[in-house]
Structure formats: C-alpha cells, structure tokens
Amino acid sequence: MKLRIKAAVTGAGMMAAMLIAPAAEAQRKPPYWASIANTATEARMRTGPGKQFPTNWIYQRPRLPLRVIGVYREWRKVEDPSRTQGWMLQSLLSPQRTGIIQSGVAAMHASPDANARIVFRAAPGVVGKLSECGKGWCLFDVNGQMGYVEATSIFGVDETE
C-alpha cells in the first residue's frame, strides 16, 4: 500500500498559510532536513523558484519531512518522501526535524538496540518528531509516545546518522 501525501491541483487562487521562518533558517546550507510548517494548511510545490511557476503538488500534511537540496532567495528546492522534487517558499517550512515511517511497521524500542523492549509500533506513513539520532537509531516521538526506531525505516534521516 503506497502512502498518498499529495493532492492534485484542480484550481487556481488557493492561498497557503504563511509562517515567518527564523533568521537562522535562512542561513542554513543544503542539504538539510526541514518539515512543512504546522500552520501551513496547504503548501504548494512549484516547478521553479517563483509564484509564476506552475504548482505541481499541494501538500496538506503539516510536519511532513522534506529534504532541502537547493536555495534561491526565499525559495527552497525540496525533495519529499516519494523523492519528488520542486520548489517551496521558505515561509512554508519549519526547522522542526520530523520523520515518516516508510516501509513496514516499525518497532519503537525503549533504547537504541534491536534487542531492547518494544514500547510501541508505528505504521507506515506515521510522522513523528526526531531527536537523538546516531549509530543508526533515532528517538521518534509520535504525540508523546516515544521510542527508538532504526534510521533505515525513516525518511528524514541521513545514512551517516
């Protein structure tokens, strides 16, 4: 079962909610991880860095992780969990680090060890906050339910973490 995170554009004139990003976010060098801002009810991905470019996707899922791979003024070239690339306004992004479970149900362990007690399980498509990533594990927080998940199960983590 493939996760559907995009909606086709059917009309023009939809406005996206805006969030003013911190100044530090503007100075980050790609590649880096970001997520769709909590205040963005719709986040448009465009074919180029400007409002004159067509919208190719509208995202309606706040906190969805994105990999920022390019910068042009206030625009960020991003890659989504399905590896689709396009441009988004920086104001639609949050520096909040999130991840999405990609393949199969992921065990959430009490500690970063495959033999540790399983405290929760996360289904494919579940989005959570990421922290304490290292040695192939990340602490994954889904609305206060936390556990360590193997990094290979998550989009939102680099191979080196």
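The shown structure was predicted, so the numbers you read here are calculated from the model rather than taken from an experiment.

**Q** I'd like to hear about the overall build of the chain, residue by residue, with values.
**A** Each helix and strand in the chain was counted, giving 1 helix and 14 strands. Every one of the 161 residues in the chain was classed for burial, and the buried ones make up 46%. In the chain, once contacts between residues fewer than 6 apart in sequence are set aside, the share between residues at least 24 apart is 59%. Carbon and sulfur atoms make up 53% of the accessible area of the chain, which amounts to about 8700 Å² in all.

**Q** Describe the packing of aromatic side chains, with residues and values.
**A** Here the structure, examined in full by the defined rule, presents 1 aromatic pair. For the ring pair W33 and F155, a centre distance of 5.1 Å and an interplane angle of 85 degrees mean the geometry is edge-to-face. Of this pair, W33 sits in strand 1 (residues 32-36) while F155 sits in strand 14 (residues 154-155), placing them 122 residues apart in sequence.

**Q** Can you break down the pairing of strand 4 (residues 65-72) residue by residue, with the values?
**A** As paired strands, strand 1 and strand 4 are joined by 4 bridges and run antiparallel to one another. Residue pairing in the sheet places Y32 in a bridge with V68 of strand 4. Here strand 4 runs beside strand 5 (residues 75-79); their pairing, made up of 5 bridges, is antiparallel. Bridge assignment links G70 to a residue of strand 5, and that residue is K77. Taking the residues that link successive antiparallel strands as the turn, the strand 4-strand 5 hairpin has 2 residues, and the phi of R73 there is positive, at about 50 degrees.

**Q** Describe the confidence of the model for the chain, listing the residues and the values that go with them.
**A** Per-chain confidence: the chain averages 86 in pLDDT, with 84% of residues scoring 70 or above. Every residue in residues 1-22 is under pLDDT 50, and counting partners more than four places away or in other chains gives 44 contacts.

**Q** Would you mind going over the state of the cysteines in detail, with residue names and values included?
**A** Scanning all chains against the criterion turns up 1 disulfide. Across the disulfide, C133 is cross-linked to C138 (sulfur-sulfur distance 1.9 Å). Handedness of the C133-C138 disulfide follows from its S-S torsion of about 120 degrees: it is right-handed.

**Q** Can you explain the pattern of salt bridges? Please cite residues and give values.
**A** A full pass over the atoms with the stated rule returns 2 salt bridges. Note that R97 is salt-bridged to E161, the shortest N-O span being 2.6 Å. Linking R97 in the loop between strand 7 (93-94) and strand 8 (98-101) with E161 in the segment after strand 14, this pair joins segments that are 64 residues apart in sequence. The exposure class assigned to R97 is partly exposed, which follows from its relative accessible area of 21%.

**Q** Residue-level account of the nonpolar core, with values.
**A** With 22 residues, the main nonpolar core has I36, Y59, V78, M88 and L93 as its most contacted residues. Every element with two or more residues in this core is listed here: strand 1, strand 2 (43-46), strand 4, strand 5 and strand 6 (85-89). With 4 residues, the single largest contributor to this core is strand 1. The residues contacting V78, other than those within four sequence positions of it, are M45, L66, R67, V68, I69, T84, Q85, G86, M88 and L93. Listed in part, the 12 residues of the second largest apolar core include I101, F140, A151 and I154.

Rules used in this analysis
- Residues numbered from 1 in each chain as written.
- Predicted model: local features only at pLDDT ≥ 70, side-chain atom pairs only at ≥ 80, totals over all residues.
- Heavy atoms only, no water.
- Helix = DSSP H or I, 4+ residues; strand = E, 2+ residues; numbered from the N terminus.
- Buried < 20%, exposed > 50% of the residue type's maximum accessible area, 1.4 Å probe, protein only.
- Contact = heavy atoms within 4.5 Å.
- Areas by Shrake-Rupley, 256 points an atom, 1.4 Å probe, with all protein chains shown as cover.
- Phe/Tyr/Trp six-rings, centres within 6.5 Å; stacked < 30°, edge-to-face > 60°.
- Pairing = 2+ DSSP bridges.
- pLDDT = per-residue confidence, 0-100.
- Disulfide = S-S within 2.5 Å.
- Salt bridge = Lys/Arg side-chain N within 4 Å of Asp/Glu carboxyl O.
- Core = buried A, V, L, I, M, F, W, Y, C linked by side-chain atoms within 4.5 Å.

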